[in-house]
Amino acid sequence: MTGIKSVFIFVCDIIFLGDYMKKIIILLITLLTLIGCSDKTEIKEEKNNDTEFILEKIDSDKDFVYLSDYKTISYDNNDYKLQYLTINIKSNDIENINLELKSFVVRAFKDMEFKDNKLIRGKVISYDWNITDNYVSVIQRYYPYINGIIGEEEDNVYVISLKNGNIMNNKDLLNNFDLAEEEIYDFIDKHSDLDDVEFTKMNIKNNGYKLYVKDNKLNIIYYEIDDTESIRKELVLN
C-alpha cells in the first residue's frame, strides 16, 4: 500500500505543477525509458555472441567422421563388421544424429537371426560420407538379407552445416544452392529412362527424396517407379 500511495502522491504533484515543469519531467521519463531499452538490447546482443558456433571436435585425436566396431558376425561366408558412425563435431544436432546412427545399428543387431552362428536374416549396413567446404554429409546405407538373397537398398541421409552445426533439410539445401523444387522434377524428366515419368514424379511427391553434398555439388537420391519394379537413382543435380 505504501508503494501505491507514493505513486498517487507523485501523480498528484505532477498535476499541480506548471506546464514547464511537466514538460521537463516527461522528458526525463522518456530518456530513462530509452536508456533502459538500450541496455536490454546490448544484453541480448552479448548473449547471441556467447552462443556463436565454433567448429570443434569432440575427440581431438580422431577424424571429423570415423567408424567404430560394434559386432563381428559371419555373413555370406565372411566376417562382417557391424559398425556405427560418429560425427566428431560438438553440436546439439550432431549429438542427436550420433545417437540415432548408433541406435539404428543396435536395433539392427537385435533383429538379426542366426543359424550355426551365421547370419540368415537381417539388415546389412554400410556408410558413405563427404566433407566439403560447408557441409558434412553422411549416408547410412542398408539392405535386407534373407538366406542369401539381397533386398533393395535404402538410405538414412544426414547433412550438417559446418557454419552453425545444424542439420540441413531439403528446403535448406535447395535454398543454399539457389534451386527451386520444380527444378528437381525438370531434372528427373531429363534423366528418366522410363516412358511414363509422371508416375515416378508422383511417387517422389508422395514419398520424398534425399539430398546430400559431395565435391561441393548437390546430389539427389530417389526411386524411379514403373509397373514392375523400383529403381534406385543417385545423381548429381548441379
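Report on the accompanying structure.

So, how was this worked out
- Residues numbered from 1 in each chain as written.
- Predicted model: local features only at pLDDT ≥ 70, side-chain atom pairs only at ≥ 80, totals over all residues.
- Heavy atoms only, no water.
- Helix = DSSP H or I, 4+ residues; strand = E, 2+ residues; numbered from the N terminus.
- Buried < 20%, exposed > 50% of the residue type's maximum accessible area, 1.4 Å probe, protein only.
- Contact = heavy atoms within 4.5 Å.
- Polar contact = N/O pair within 3.5 Å; in protein donor to acceptor, adjacent residues only side chain to side chain.
- 1 Å grid on protein atoms, 1.4 Å probe; cavity = no way out; pocket = protein on both sides within 12 Å on 5 of 7 lines; lining within 4 Å.
- Points joined across faces, edges and corners; volume = space filled by probe spheres on them.
- Nonpolar A, V, L, I, M, F, W, Y, C, P; charged D, E, K, R; others polar.
- Pairing = 2+ DSSP bridges.
- Axes fitted to C-alpha atoms, helices over the stretch in contact; angles between N-to-C directions.
- Patch = residues over 30% accessible without salt bridge, like charges linked within 9 Å, V, L, I, M, F, W, Y side chains within 5 Å.
- Areas by Shrake-Rupley, 256 points an atom, 1.4 Å probe, with all protein chains shown as cover.
- Salt bridge = Lys/Arg side-chain N within 4 Å of Asp/Glu carboxyl O.
- Lys, Arg positive; Asp, Glu negative; His and termini not counted.
- Charge placed at Lys NZ, Arg CZ, Asp CG, Glu CD.
- Arc of directions from axis to C-beta.
- Core = buried A, V, L, I, M, F, W, Y, C linked by side-chain atoms within 4.5 Å.

## Digging into the environment of Tyr-135
If you trace the backbone, Tyr-135 turns up in strand S5 (residues 135-146). The class for Tyr-135 is buried, based on a relative accessible area of 9%. Sequence separation between Tyr-135 and Asn-216 is 81 residues, and the spatial gap between their C-alpha atoms is 8.4 Å. Residues contacting Tyr-135, with those up to four places away along its chain left out, are Asn-130, Val-159, Ile-160, Ser-161, Leu-162, Met-168, Leu-173, Asn-176, Phe-177 and Val-213. A distance of 3.0 Å separates the side chain of Tyr-135 from the side chain of Asn-176, its partner in a polar contact.

## Describing the layout of surface pockets
In this approach a probe as big as a water molecule rolls over the atoms, and the regions it shows empty are the leftover space. Estimated volume of the largest pocket: approximately 180 Å³. What lines the largest pocket is Glu-154, Asp-155, Asn-203, Asn-207, Gly-208, Tyr-209, Lys-210, Ile-221, Tyr-222, Tyr-223, Ile-225 and Ser-230. Elements that contribute at least two residues to the lining of the largest pocket include exactly strand S7 (154-161), helix H6 (197-207) and strand S9 (217-225). Per-class residue counts for the lining of the largest pocket are five nonpolar, four polar and three charged.

## Comments concerning the sheet that holds strand S10 (residues 230-236)
Pairing is antiparallel in the open sheet, where three strands are placed in the order S8-S9-S10. One side of each edge strand has no neighbouring strand; the edge strands of this open sheet are strand S8 (210-214) and S10. Across the sheet, the mean angle from the axis of one strand to that of its neighbour is 25°, orientation sign disregarded. As judged from the five bridges shared by S8 and S9, these two strands associate in the antiparallel manner. Counted as the bridge partner of Lys-210 is Ile-221 from S9.

## Structural notes on a negative patch on the surface
The grouping of Glu-181, Glu-182, Glu-183 and Asp-186 at the surface amounts to a negative patch. Along the chain, Glu-182 falls in helix H5 (residues 181-191). The exposure class assigned to Glu-182 is exposed, which follows from its relative accessible area of 51%.

## Notes on unusual backbone geometry
Unlike most non-glycine residues, Asp-215 shows phi in positive territory, near 55°. Structurally, Asp-215 can be placed in the loop between S8 and S9. Looking at Asp-215, the relative accessible area reads 61%, which means it is exposed. Despite not being glycine, Asn-216 has its phi angle at roughly 60°, a positive value. By the element assignment, Asn-216 lies in the loop between S8 and S9.

## Observations regarding the pattern of salt bridges
Opposite charge on two side chains permits pairing when their charged atoms draw close. Considering all chains together, one arrives at twelve salt bridges under this definition. Put simply, Arg-121 and Glu-113 hold a salt bridge, and the shortest N to O gap is 3.7 Å. Note on Glu-113: relative accessible area 39%, which makes it partly exposed. With its nearest N and O atoms 3.2 Å apart, the salt bridge here joins Glu-234 to Arg-141. Taken together, the positions of Glu-234 in strand S10 and Arg-141 in strand S5 put the pair 93 residues apart, joining distant regions of the chain. The class of Arg-141 is buried, set by a relative accessible area of 10%. Counted as one network, the salt bridges with shared partners bring together Asp-128, Arg-141, Glu-153, Asp-155, Arg-232 and Glu-234.

## Re H6
The set of residues buried in H6 consists of Val-197, Thr-200, Lys-201, Asn-203 and Ile-204. Projection of H6 onto a plane perpendicular to its axis shows the buried side chains occupying an angular sector of 160°, all on one side. Projecting away from the buried face of H6 at angles above 90 degrees are the exposed residues Lys-205 and Asn-206. Looking at the packing, one finds that the buried side of H6 touches H5 and S9.

## Here we look at the nonpolar core
Grouped together as the largest cluster of nonpolar side chains are 28 residues, with contacts concentrated most on Tyr-75, Tyr-80, Leu-85, Ile-87, Leu-119, Val-124 and Ile-125. Of all elements in the fold, only strand S1 (65-75), strand S2 (78-87), helix H3 (92-111), strand S4 (118-131), S5 and S7 reach the threshold of two or more residues within this core. In terms of residue count, H3 provides more of this core than any other element does, six residues in total. The residues touching Ile-125, leaving out its near neighbours within four places in the chain, are Tyr-80, Leu-82, Phe-104, Val-105, Ala-108, Gln-140, Arg-141 and Tyr-142. Counting 24 residues, the second-largest nonpolar core is a separate cluster that includes Val-157, Leu-173, Tyr-185 and Ile-188.

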